[in-house]
Amino acid sequence: MSAPTAATGTDTTAEVELAIGGMTCASCAARIEKKLNRMDGVTATVNYATEKAKVSYRGEDISVQDLIATVEKTGYTAQEPAPPVTAGEGAPSEAEAEADELRPLRQRLLTAVALAVPVIAMAMIPALQFDYWQWLSLTLAAPVVTYAAWPFHRAAWTNARHGAATMDTLISLGTSAAFLWSLWALFFGTAGMTGMTHPFELTIGRSDGAGNIYLEAAAGVTAFILAGRFFEARSKRKAGAALKALLELGAKEVTVVRGGREVTVPTAELQVGDRFLVRPGEKIATDGTVVEGASAVDASMLTGESVPVEVGVGDSVTGATLNAGGRLVVEATRVGADTQLARMAKLVEDAQNGKAAAQRLADRISAVFVPVVIALALGTLGFWLGNGAGLTAAFTAAVAVLIIACPCALGLATPTALMVGTGRGAQLGILIKGPEVLETTRRVDTIVLDKTGTVTTGRMTLLDVHTADGTDERDVLRLAGALEHSSEHPIAQAVAAGAAERTGAALPTPEDFANIAGLGVQGVVEGHAVLVGREQLLAEWEIHLPVELARQKAAAEAAGRTAIAVAWDGEARAVLEVADAVKDTSAEAIRRLRALGLTPILLTGDNRAVAEAVAAEVGIEKVYAEVMPEDKVDVVKELQSQGRSVAMVGDGVNDAAALAQADLGLAMGTGTDAAIEAGDLTLVRGDLRAAADAIRLSRRTLGTIRTNLFWAFAYNVAALPLAAAGLLNPMIAGAAMAFSSVFVVGNSLRLRGFRAAA
């Protein structure tokens, strides 16, 4: 993404973004970050989710190759960023790139599942244990433990070289011990004899292990954990999709005016100073200044401003915003990486890279558990050898310690809870992106809410009609609605839609319709000369609002609403109030969020009067208003600097960077792709009450995962003394593993009973 760049002046600090390979968990990212930061003059942040390292370094002392060498010495790979490849230059599509990266993992997973299922079935079902079944099990399990489990063995070796132990170490040790002991028992013990079956007595007694095989444990654990890794990797591939969604918002082609002729060219070919045409309904291709025409521009996706902005000659416009009204000719002032849209994409990228990845609980436990298990296995071996038990019995007890420690249930603990929790969430309109998200929901104490499209509907609505004495409201709606229906302006369309809904009848067709730029519309409806628009439009016809209507208009504007004057036949008849209406469910949602211990804050690009009126209506006390997109990120950072853990709810492009920066991003599913991709949770229904349900469900799912992890280890720990004492027989080992797995799955299935708050 970002190539090494040196700052100007005497400061030679450079920045580079490296693509990191070989990481299997958050502790890997922490190890790389630690090694890089130990270099003089280097400040590095490594993100496990995006598999990138953002590094600042002194260019005069250190090269990019030095940084790459340090990462490689740590046991991982690093690459300089590839130069950008534009479409048409043979660049692979996103789907193809994702398929290429996931193909090896998918192949290992399919191999493991296909081969492990019959191995487990034969070990668990006595009827399938035909003569020499154990040799078929060995034939099927061998590729699983070697080829399919290779990423775990490789990661365990890398960790061991650096004195670390993670989940990979435990998986590699357990599966290897189970497989190697099974090999010994088959070739040198009695397990390879004709008619061998697994004994099914729950008795405790010392044995030499020569007749025991554990191939189902080795193959099953590998398959379970590969499945979890595959689905995690697939979700991680989407980490950069927010940037892609942002950059795709812009217009792809633009009509440029050159030599008096209109020529259509790709937007990438625009240069500063070019003049381009923007027709009604088209997106503005890049940042620029209007040189011809007047229109209303819908910039809500970028600025959060709910009311379309009227622009004319000399006004600035922003790329990717929508021309909702007339024809414009715009002179380009910024192109490419200098545009506001590109700068917002950079904000999202920076926020994602700076976002601390949650440490995996299983790895934290493994860091302590693995060394303890290894020490216990070695101690067991030494104890029995020292007590004259014989080499076979001593090795049986030592290997039994490693086998019983192999986390069969641990492989199910997170994936099953996440699968059930996310499945239940999807039924309720809540999409959870991954396990890292869950840990954050436990800590959040502040929730920042975008206004437009989140707390409010995001569209202009006719809210109220104030009539002069002797004027019928239905007449106002019929005549004003008929005239506004002929206008393309979003506010006019809101009036027309509201009039049709309230009167319940078709609107008449106006005659002599005219649009007065920046003021309103005029025409003849049912024989009446009608004016609808700003008060200035009426003043031009020497029509003035009566005192009561003037008071209603002032009150509406003080509340941040748009007030529209209506007159016909030379008299002012009414004032219409139009605004972005608050959703019916928003006030209830705020109450539910407070009940979860969260402090709500309203954050919007809209003007302060509108923001404070909305906040008062739904029960929010703190408001940040008139905030530009880049400033939204700063507000989130400011709250984080105060020690708060911040959740952010938004739906627009203007929210994408703040959603990525927040500790927890909740995107409204009714919003833009950029916001949805930048968020950690997606609320499909667009109902703010789902935010409270999402946090409750996430916390419940996290609690289930923690319970699963505890019991997955607890069963193993309880059996370790028996293994160390040499009293572990295959049935007890199988029962302990089976029962722990059944418990974990059953505990996870309880999440299906989660209900949205009534």
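Identification of the protein chain as Heavy metal translocating P-type ATPase from Streptomyces yanii is taken from an unreviewed UniProt entry. Under Sequence similarities (unreviewed entry), UniProt gives the following word-for-word description of the protein chain: "Belongs to the cation transport ATPase (P-type) (TC 3.A.3) family. Type IB subfamily."

Enquirer: What's the story with the sheet that holds strand 20 (residues 528-533) in this structure? I'm lost.
Expert: What links the strands of a sheet is backbone hydrogen bonding, and the strands pair in either a parallel or an antiparallel sense. Here we have 6 strands laid out as an open sheet, ordered 17-22-21-20-19-18, and antiparallel in their pairing. One side of each edge strand has no neighbouring strand; the edge strands of this open sheet are strand 17 (456-467) and strand 18 (511-516). Each strand of the sheet is rotated relative to its neighbour by a mean of 20°, with strand direction disregarded. Here strand 21 (residues 562-568) runs beside strand 22 (residues 571-582); their pairing, made up of 7 bridges, is antiparallel. Bridge pairing links Val566 to Ala574 in strand 22. Seen against the sheet, helix 19 (residues 547-558) touches strand 17, strand 21 and strand 22 and runs at an angle of roughly 15° to strand 22.

Enquirer: Looking at this model, I keep getting lost on the packing of aromatic side chains. Mind explaining?
Expert: Any pair of aromatic rings gets described here by the distance separating the centres and the angle formed by the planes. By the definition in use, this model includes 5 aromatic pairs. Here the aromatic rings of Phe383 and Trp384 are separated by 5.2 Å at their centres, their planes lie at 80°, and the arrangement is edge-to-face. Residue classification places Phe383 among the partly exposed positions, given a relative accessible area of 47%. Measuring from ring centre to ring centre gives 5.2 Å for Phe710 and Trp711, while their planes differ by 80°; the resulting arrangement is edge-to-face. Through a chain of ring-to-ring contacts, the aromatic side chains of Phe710, Trp711 and Phe743 assemble into a single cluster.

Enquirer: Looking at this structure, I do not really get the packing of helix 16 (residues 473-485) against helix 17 (residues 490-503). What am I missing?
Expert: Where helix 16 contacts helix 17, the two axes come as close as 8 Å, and the packing angle between them is 140°. With respect to each other, helix 16 and helix 17 are oriented oblique. Here the hand of the crossing between helix 16 and helix 17 comes out left-handed. Residues Glu473, Arg474, Leu477, Gly481, Glu484 and His485 of helix 16 touch helix 17, and the partners they reach there are Ala492, Gln493, Val495, Ala496, Ala499, Arg502 and Thr503.

Enquirer: Please explain the pairing of strand 4 (residues 52-58) as it appears in this structure.
Expert: Side-chain positions along a regular strand alternate between the two faces of the sheet. Residues Ala53, Val55 and Tyr57 point to one face of strand 4 and are all buried, whereas Lys52, Lys54, Ser56 and Arg58, pointing to the other face, are not buried. Judged from the 7 bridges that link them, strand 2 (residues 13-21) and strand 4 form a sheet pairing that is antiparallel. Note that in strand 4 the partner of Glu15 across the bridge is Ser56. Of the strand pairs in this sheet, strand 3 (residues 43-47) and strand 4 are connected by 5 bridges, and their pairing is antiparallel. Looking at strand 4, one finds that Val46 is bridged to Ala53.

Enquirer: Which parts of the structure should I look at to understand the environment of Leu105?
Expert: Among the secondary structure elements, Leu105 is positioned in helix 3 (residues 94-124). Residue Leu105 is classed as buried on the basis of its relative accessible area of 18%. Leu105 sits 122 residues away from Ala227 along the chain, and the two C-alpha atoms are 9.1 Å apart.

Enquirer: Hey, could you run me through the pattern of salt bridges in this one?
Expert: Think of it this way: side chains of opposite charge can pair up when their charged atoms draw near. Enumeration over the complete set of coordinates arrives at 22 salt bridges. One salt bridge connects Arg327 with Glu262, and the closest N-O pair in it is separated by 3.7 Å. Highlighted residues: Arg327 in the loop between strand 13 (322-323) and strand 14 (328-334) and Glu262 in strand 7 (residues 261-266), separated in sequence by 65 residues. Exposure remark for Glu262: the relative accessible area of 43% places this residue in the partly exposed category. Glu577 is paired through a salt bridge with Arg561; the nearest N and O atoms lie 2.7 Å apart. Taken as a pair, Glu577 in strand 22 and Arg561 in the loop between helix 19 and strand 21 lie far apart in primary sequence, 16 residues in all. The exposure class assigned to Arg561 is partly exposed, which follows from its relative accessible area of 29%.

Enquirer: Quick question: what am I supposed to make of the sheet that holds strand 24 (residues 622-624) here?
Expert: One open sheet accounts for 7 strands, arranged 15-27-26-25-16-23-24; its pairing is mixed. Two strands bound the open sheet, and with one partner strand each, they are strand 15 (430-432) and strand 24. Sheet twist, expressed as the average angle between the axes of neighbouring strands with direction ignored, equals 20°. Relative to strand 27 (residues 681-683), strand 15 runs antiparallel, the two sharing 3 bridges. Paired with Ile432 across the two strands is Leu681, which belongs to strand 27.

Enquirer: I tried to follow the UniProt feature "transmembrane region" (unreviewed entry) in the protein chain on my own but got confused; where do I start?
Expert: When the UniProt feature table is mapped onto this chain, "transmembrane region" (unreviewed entry) is found at residues 109-126, 132-150, 170-193, 213-231, 365-385, 391-414, 708-725 and 731-749. Within the segment residues 109-126, helix and strand shares are 89% and 0% respectively, and the terminal C-alpha atoms sit 27 Å apart. Taken end to end, residues 132-150 is 89% helix and 0% strand, and its two terminal C-alpha atoms sit 27 Å from one another.

Enquirer: Just to check I follow, could you spell out the packing of helix 4 (residues 133-148) against helix 5 (residues 150-161) for this structure?
Expert: Two quantities define a packed helix pair, namely the angle between the axes and the distance from one axis to the other. One can describe the packing of helix 4 onto helix 5 by two numbers: an axis separation of 5 Å at closest approach and a directional angle of 45°. Here helix 4 lies oblique to helix 5, going by the angle between them. Of helix 5, the residues touching helix 4 (which contributes Val145, Thr146, Tyr147 and Ala148) are Trp150, Pro151 and His153. Looking at the contact of helix 4 with helix 5 residue by residue, the class counts come to 5 nonpolar, 2 polar and no charged.

Enquirer: Even after reading the chapter, I still don't get the confidence of the model for the protein chain, so can you show me in this structure?
Expert: If pLDDT is low for a region, its predicted coordinates should not be looked at in detail. Mean pLDDT for the protein chain: 80, with 80% of residues reaching 70 or above. Within the protein chain, the element-level pLDDT minimum falls on strand 1 (residues 5-6), averaging 42, and the maximum on strand 23 (residues 599-603), averaging 95. Every residue in residues 200-204 is under pLDDT 50, and counting partners more than four places away or in other chains gives 16 contacts. Low pLDDT, under 50, characterises residues 354-359; the stretch is placed with 16 contacts to residues that sit more than four places away or in other chains.

Enquirer: Looking at this model, I keep getting lost on the pairing of strand 10 (residues 295-298). Mind explaining?
Expert: As paired elements, strand 10 and strand 11 (residues 309-311) share 3 bridges and run antiparallel to each other. From the neighbouring strand, Ala296 faces strand 11, where its bridge partner is Glu310. One ladder, built from 2 bridges, connects strand 10 with strand 13; its direction is antiparallel. By the bridge assignment, Val297 is partnered in strand 13 with Asn323.

Enquirer: Help me out: how do you make sense of the side chain of His489 in this one?
Expert: With respect to the helices and strands, His489 occurs in the loop between helix 16 and helix 17. You can call His489 buried: its relative accessible area is 18%. His489 has contacts with Ala296, Pro308 and Glu310, leaving out every residue within four places of it along the chain.

Enquirer: Help me understand a negative patch on the surface in this model?
Expert: A grouping of Glu630, Asp631, Asp634 and Glu638 is seen on the molecular surface, where their side chains present a negatively charged patch. Mapped onto the fold, Asp631 is located in helix 22 (residues 629-641).

Rules of the game
- Residues numbered from 1 in each chain as written.
- Predicted model: local features only at pLDDT ≥ 70, side-chain atom pairs only at ≥ 80, totals over all residues.
- Heavy atoms only, no water.
- UniProt positions renumbered as here; feature names shortened; annotations may be inferred.
- Pairing = 2+ DSSP bridges.
- Helix = DSSP H or I, 4+ residues; strand = E, 2+ residues; numbered from the N terminus.
- Axes fitted to C-alpha atoms, helices over the stretch in contact; angles between N-to-C directions.
- Contact = heavy atoms within 4.5 Å.
- Phe/Tyr/Trp six-rings, centres within 6.5 Å; stacked < 30°, edge-to-face > 60°.
- Buried < 20%, exposed > 50% of the residue type's maximum accessible area, 1.4 Å probe, protein only.
- Parallel < 35°, antiparallel > 145°, perpendicular 65-115°, else oblique.
- Left-handed = near helix turned anticlockwise from the far one by under 90°.
- Salt bridge = Lys/Arg side-chain N within 4 Å of Asp/Glu carboxyl O.
- Nonpolar A, V, L, I, M, F, W, Y, C, P; charged D, E, K, R; others polar.
- pLDDT = per-residue confidence, 0-100.
- Patch = residues over 30% accessible without salt bridge, like charges linked within 9 Å, V, L, I, M, F, W, Y side chains within 5 Å.
- Areas by Shrake-Rupley, 256 points an atom, 1.4 Å probe, with all protein chains shown as cover.
- Lys, Arg positive; Asp, Glu negative; His and termini not counted.
- Charge placed at Lys NZ, Arg CZ, Asp CG, Glu CD.

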